[in-house]
Amino acid sequence: MMFRNRQSKLIFSLILIGVIAVAIYYNEASYRKVHNLVELEELKAGSTYYKKYNENGEVVEINIDASEHATRILANDVNYVVDNNELFEILSKYKGKKSKIKYSPYSGDDVVVKILLQTNHGFRQIMLGNFNIWYEPGDKRAYEIINGEELLNDILMLANDK
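These numbers were taken from a predicted model, which means no experiment stands behind them.

Reading the values: rules and limits
Residues numbered from 1 in each chain as written. Predicted model: local features only at pLDDT ≥ 70, side-chain atom pairs only at ≥ 80, totals over all residues. Heavy atoms only, no water. Helix = DSSP H or I, 4+ residues; strand = E, 2+ residues; numbered from the N terminus. Contact = heavy atoms within 4.5 Å. Core = buried A, V, L, I, M, F, W, Y, C linked by side-chain atoms within 4.5 Å. Buried < 20%, exposed > 50% of the residue type's maximum accessible area, 1.4 Å probe, protein only. Expected span 1.5 Å × (residues − 1). Arc of directions from axis to C-beta. pLDDT = per-residue confidence, 0-100. Pairing = 2+ DSSP bridges.

Colleague: Could you give an account of the environment of asparagine 130, naming the residues involved and the relevant values?
Modeller: Within the element layout of this structure, asparagine 130 appears in the loop between strand 8 (122–129) and strand 9 (133–135). A C-alpha to C-alpha distance of 7.9 Å links asparagine 130 and valine 112, two positions 18 residues apart in sequence. Ignoring sequence-local partners within four residues, the contact set of asparagine 130 consists of Asp109 and Asp110.

Listed below in structure tokens is the structure:
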């Protein structure tokens, strides 16, 4: 009788270890999976921002009508309005992986470029600078952009062309 009890405990323990091992494997695999930074068919053209002025009368936010096929990006604390086709073409070349690092809170000095895109599923925030990530508000995990320094350079070149 005691042998059956030990045998049952051993089998239960082995099954439990197996389940834990599978869970760990799938969790780690989710961090190795590569994701596209954007899916072009999921992006919605145009972002809506309202024109807002600071105390010096300078525009700090810009209203963009969706019909303009443009997106506002913030680069080095300056607002730029860029063509969606050019921006989306650049972004479509990049990929990322789920990050284990929490980036929030962060210093404003850490971010050189901020882009907020509207997708079919909500919004996607892209932040480039001392770290290069994207996240979707409400998602607790950020995604590290592979070759994020190159993306930062591409976006700064796009902004400086405007």
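Colleague: Before we move on, could you go through the nonpolar core and cite the residues and values that matter?
Modeller: The biggest cluster of nonpolar side chains holds 25 residues, and the ones touching the most others in it are Leu37, Leu87, Leu91, Ile126, Leu151 and Ile155. Those elements giving two or more residues to this core turn out to be strand 4 (70–75), strand 5 (78–83), helix 2 (84–91), strand 7 (111–119), strand 8, strand 10 (143–145) and helix 3 (148–160). When residues in this core are grouped by element, the largest group, 6 residues, is from helix 3. Residues in contact with leucine 91, not counting those within four places in the same chain, are Leu37, Val38, Leu117, Ile126, Leu151 and Ile155.

Colleague: Which residues make up helix 3, and what values go with them?
Modeller: Between its terminal C-alpha atoms helix 3 stretches 18 Å, which fits the 18 Å expected from 13 residues at 1.5 Å a residue. Among all positions of helix 3, only Gly148, Leu151, Leu152, Ile155, Leu156, Leu158 and Ala159 are buried. Buried residues of helix 3, seen end-on, are gathered within an arc of 160 degrees and therefore sit on one face of the element. Along helix 3, exposed side chains directed more than 90 degrees from the buried face belong to Glu149, Met157 and Asn160. Buried residues in helix 3 make contact with strand 4, strand 5, helix 2, strand 7, strand 8 and strand 10.

Colleague: How would you summarise the confidence of the model for the chain if you had to cite specific residues and measurements?
Modeller: Summary statistics for the chain give a mean pLDDT of 79 and a share of 79% for residues scoring 70 or more. At the low end of the mean pLDDT range in the chain sits strand 2 (residues 52–53), at 52; at the high end sits strand 10, at 94. Ignoring residues within four places in sequence, the model shows residues 46–51, a span with pLDDT below 50, making 23 contacts including any to other chains.

Colleague: Go over unusual backbone geometry with me, naming the residues and quoting the values.
Modeller: Leave glycine aside and you will find that most residues have negative phi; peptide bonds, for their part, are mostly trans. Here the phi dihedral of aspartate 77 falls at roughly 65 degrees; this positive angle occurs in a residue that is not glycine. Tracing the backbone through its elements, the reader meets aspartate 77 in the loop between strand 4 and strand 5. A positive phi angle, close to 60 degrees, is found at asparagine 147, a residue other than glycine. Inspection of the secondary structure puts asparagine 147 in the loop between strand 10 and helix 3. Given the relative accessible area of 42%, asparagine 147 is considered partly exposed.

Colleague: Help me get a handle on the pairing of strand 5, residues and values and all.
Modeller: Where strand 4 lies against strand 5, 6 bridges are found, and the strand directions are antiparallel. Bridging across to strand 5, arginine 72 finds its partner in valine 81. In this antiparallel pair of consecutive strands, strand 4 and strand 5, the connection spans 2 residues, and asparagine 76 shows a positive phi of 50 degrees.

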